[in-house]
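So you can see what is in the structure, the chains are spelled out below.
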Amino acid sequence: METFNSKLPDTQESIFAVMSKKAVEFGSVNLAQGFPDFDPDPKLIDVLSYYAKQHKNQYAPMPGVQELREAIANKHLNCQSVNYCPNSEITVTAGATQAISTAISTLISKDDEVIVFEPIYDAYEPLIQLNGGKVIPITLETTEFSINWSKVADAISDKTRAILINTPHNPCGTMLTQDDLNELAKIIKGKKVYIISDEVYEHITFDKKQHLSVSTHPELKEKAFVISSFGKTLHITGWKVGYCLAPKELTAEFRKAHQFIVYSVNTPAQYAIADILQNEESYLSVGKFYQEKRDTLTAKLLGTNFKFKPAKSTYFQLIDYSHLNYDDGLSLTDFLVENKSISLIPLEPFYKISRAPKFVRICFAKNNTTLQTGISNLIDL
Ligand code: PMP
Ligand code: GLN
């Protein structure tokens, strides 16, 4: 039999799926994969079922239902003071993953280079490779996980077609600042380099700090695909509804690909989300909600030997395991899931060129009992 010529010869099963499976296999508390273990607002379930009963069960319009695109425009204006036209600049997607994939397909041809930052979210590299592109990783600075912009300027070549940003950042919980956006704008000025900005944790920010979208910088906005997901904001990762904001010309190109990749997205879910977004508390309250969970987690962690800096955003907390006799996070997380009834995420799969620092990731999108039980398993380490 002929061997299959894989386009992704080095790609393995996602670490999130692997550690969730191990949690089930060993009966461990799953603080690994990023998803809530609680239900969304019951009103959201009610309106979903209402719209299904109201015959909203056939294909939605290709760019998304009008009501949802308008609600997204209002939400973005409300939080970032930036306008996007619902008709020509907003497209509803099957989660952020499809939006990222489609933006990459829109931009990247064979041998184009894409600058990414490690720790890197696991989907980015294979999606770039599937389109024939080349990943150019830059490692975030070790202590603060910040971007060294002179390294970015040095990495730009005439093949660079895009820079892929993730803010707020999974797994570091950091956010880009105004200075970062200014530096980025300076670097790409006058170049045919575009931005893909993954902002799925846009509403999960803490300690009165707000997310600053790439779209707030006028020069970046002109060249950016800004992507988000309702999975994170409304506790519905399984609904897979997200969106892409981009200027008219970029959206037109994005939609050429979108219409044949997915055509349209779950209709009753779009109507239900549009309804819920009418109440701005649905997204404005999520930061406070998760800050309480972060605080519950970090209070528990104080009773352990793990060092940490409280996450500034996202629902992930990194903890430093350098006091333990483990060379890497993979062996530690395997030990923990098999012997200590807790599943966490190692950082090694997020690193392509540098050695992963000695941190593991905890997901705190969990109810308080799950969090308490999970962390009590770390106390004697
Ligand atoms: N980007 C990042 C940084 C993520 O953490 C996730 C996690 N789920 C996604 C994209 C994917 O979002 P979605 O589930 O909406 O596809
Ligand atoms: N983004 C989630 C995480 O970081 C997982 C999503 C997935 O499993 N694809 O854990």
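This one's a predicted model, so the numbers in the text were calculated from it and none came from an experiment.

**Student:** So what exactly am I meant to see when it comes to the overall build of the protein here?
**Tutor:** Within the protein one finds 15 helices and 12 strands. Over its C-alpha atoms the protein spans a radius of gyration of 21 Å, differing by no more than 12% from the 21 Å that the globule rule assigns to 381 residues. The C-alpha extent of the protein, read off along each of the three principal axes, is 55 × 55 × 55 Å. Here the protein, with 381 residues, has 57% of them falling under the buried criterion. Partitioning the contacts of the protein with sequence separation of at least 6, the portion at a separation of at least 24 is 76%. As displayed, the protein has an accessible area near 16900 Å², and 51% of this comes from carbon and sulfur atoms.

**Student:** Teacher, can you tell me more about the site of ligand 1 here?
**Tutor:** The environment of ligand 1 is made up of Gly95, Ala96, Thr97, Tyr121, Asn166, Asn170, Asp198, Val200, Tyr201, Ser229, Lys232 and Lys240. Contacts to ligand 1 include Asp198, whose side-chain N or O atom sits 2.5 Å from a nitrogen atom. In the model, a nitrogen atom of ligand 1 is placed 2.4 Å from a nitrogen or oxygen of the Lys232 side chain. Per-element tally for the shell around ligand 1: the top contributor is helix 4 (residues 95-107), with 3 residues.

**Student:** Sorry, what's going on with the site of ligand 2 here?
**Tutor:** Ligand 2 sits among Phe16, Gln33, Gly34, Tyr121, Asn170, Tyr201, Lys232, Phe316 and Arg361. Within the side chain of Asn170, an N or O atom sits 2.9 Å from an oxygen atom of ligand 2. Between ligand 2 and Arg361, the relevant distance is 2.7 Å, taken from an oxygen atom to a side-chain nitrogen or oxygen of the residue. Notes on ligand 2: free accessible area 300 Å², of which the protein chains cover 78%. A class-by-class count of the residues in the shell around ligand 2 yields 4 nonpolar, 3 polar and 2 charged.

**Student:** Where do I start with the sheet that holds strand 6 (residues 194-198) in this structure?
**Tutor:** Sheet strands line up and pair through hydrogen bonds in the backbone, either parallel or antiparallel. The mixed open sheet is built from 7 strands, whose spatial order is 2-8-7-6-5-3-4. Unpaired on one side and paired on the other, strand 2 (90-93) and strand 4 (134-139) mark the two borders of the sheet. Here the average twist between neighbouring strands, direction ignored, is 20 degrees. Of the strand pairs in this sheet, strand 3 (residues 113-118) and strand 4 are connected by 6 bridges, and their pairing is parallel. Each bridged residue has a counterpart across the sheet, and for Glu118 the counterpart in strand 4 is Thr139. Its contacts with the sheet place helix 3 (residues 66-80) against strand 2 and strand 8 (242-245), and it is angled at close to 115 degrees to strand 2.

**Student:** I tried to follow the sheet that holds strand 12 (residues 359-363) on my own but got confused; where do I start?
**Tutor:** With respect to topology, 3 strands assemble into an open sheet ordered 9-12-11, the strand pairing being antiparallel. The open sheet is flanked by strand 9 (316-320) and strand 11 (345-346), the only strands paired with a single partner. Across 2 bridges, the pairing between strand 11 and strand 12 is antiparallel. Note on strand 12: the bridge partner recorded for Ile345 is Arg361.

What counts, and at which threshold
- Sequence order as written defines residue numbering, which begins from 1 separately in each chain.
- Both sets of labels track the order of writing: A upward for chains, 1 upward for ligands.
- Two thresholds apply to this predicted model, a pLDDT of at least 70 for residue-level local features and 80 or more for giving and counting side-chain atom pairs, whereas whole-chain, interface and lining totals are computed over all residues.
- Here the side-chain values reflect all heavy atoms present in the structure, with hydrogen atoms and water set aside.
- A helix here means a DSSP run of H or I that spans at least four residues, while a strand means a run of E at least two residues long, and both kinds are numbered starting from the N terminus.
- Only C-alpha atoms enter the radius of gyration; for comparison, a globular chain is expected to reach 2.2 Å times N to the power 0.38, where N is the number of residues.
- Exposure is judged per residue with a 1.4 Å probe applied to protein chains only, and the accessible area is read against the type maximum: over 50% gives exposed, under 20% gives buried, and values in between give partly exposed.
- A contact between two residues is defined here by any heavy atoms of the two lying within 4.5 Å.
- Using a 1.4 Å probe, the Shrake-Rupley method yields the accessible areas, and only the shown protein chains count as cover for residues.
- Nearness here has a simple test: a residue counts as near a molecule or strand if at least one of its heavy atoms is within 4 Å of that partner.
- Polar contact criterion, stated in full: a pair of N or O atoms within 3.5 Å, where within protein one must be able to donate a hydrogen and the other to accept it, and residues adjacent in sequence count only if both atoms are side-chain atoms.
- When residue character is reported, Ala, Val, Leu, Ile, Met, Phe, Trp, Tyr, Cys and Pro are called nonpolar, Asp, Glu, Lys and Arg charged, and the others, Gly included, polar.
- The rule for pairing is simple: two strands pair if DSSP sees at least two bridges between them.
- Helix axes use the C-alpha atoms of the stretch in contact, all axes being lines fitted to C-alpha atoms, and the angles between their N-to-C directions lie in the range 0 to 180 degrees.

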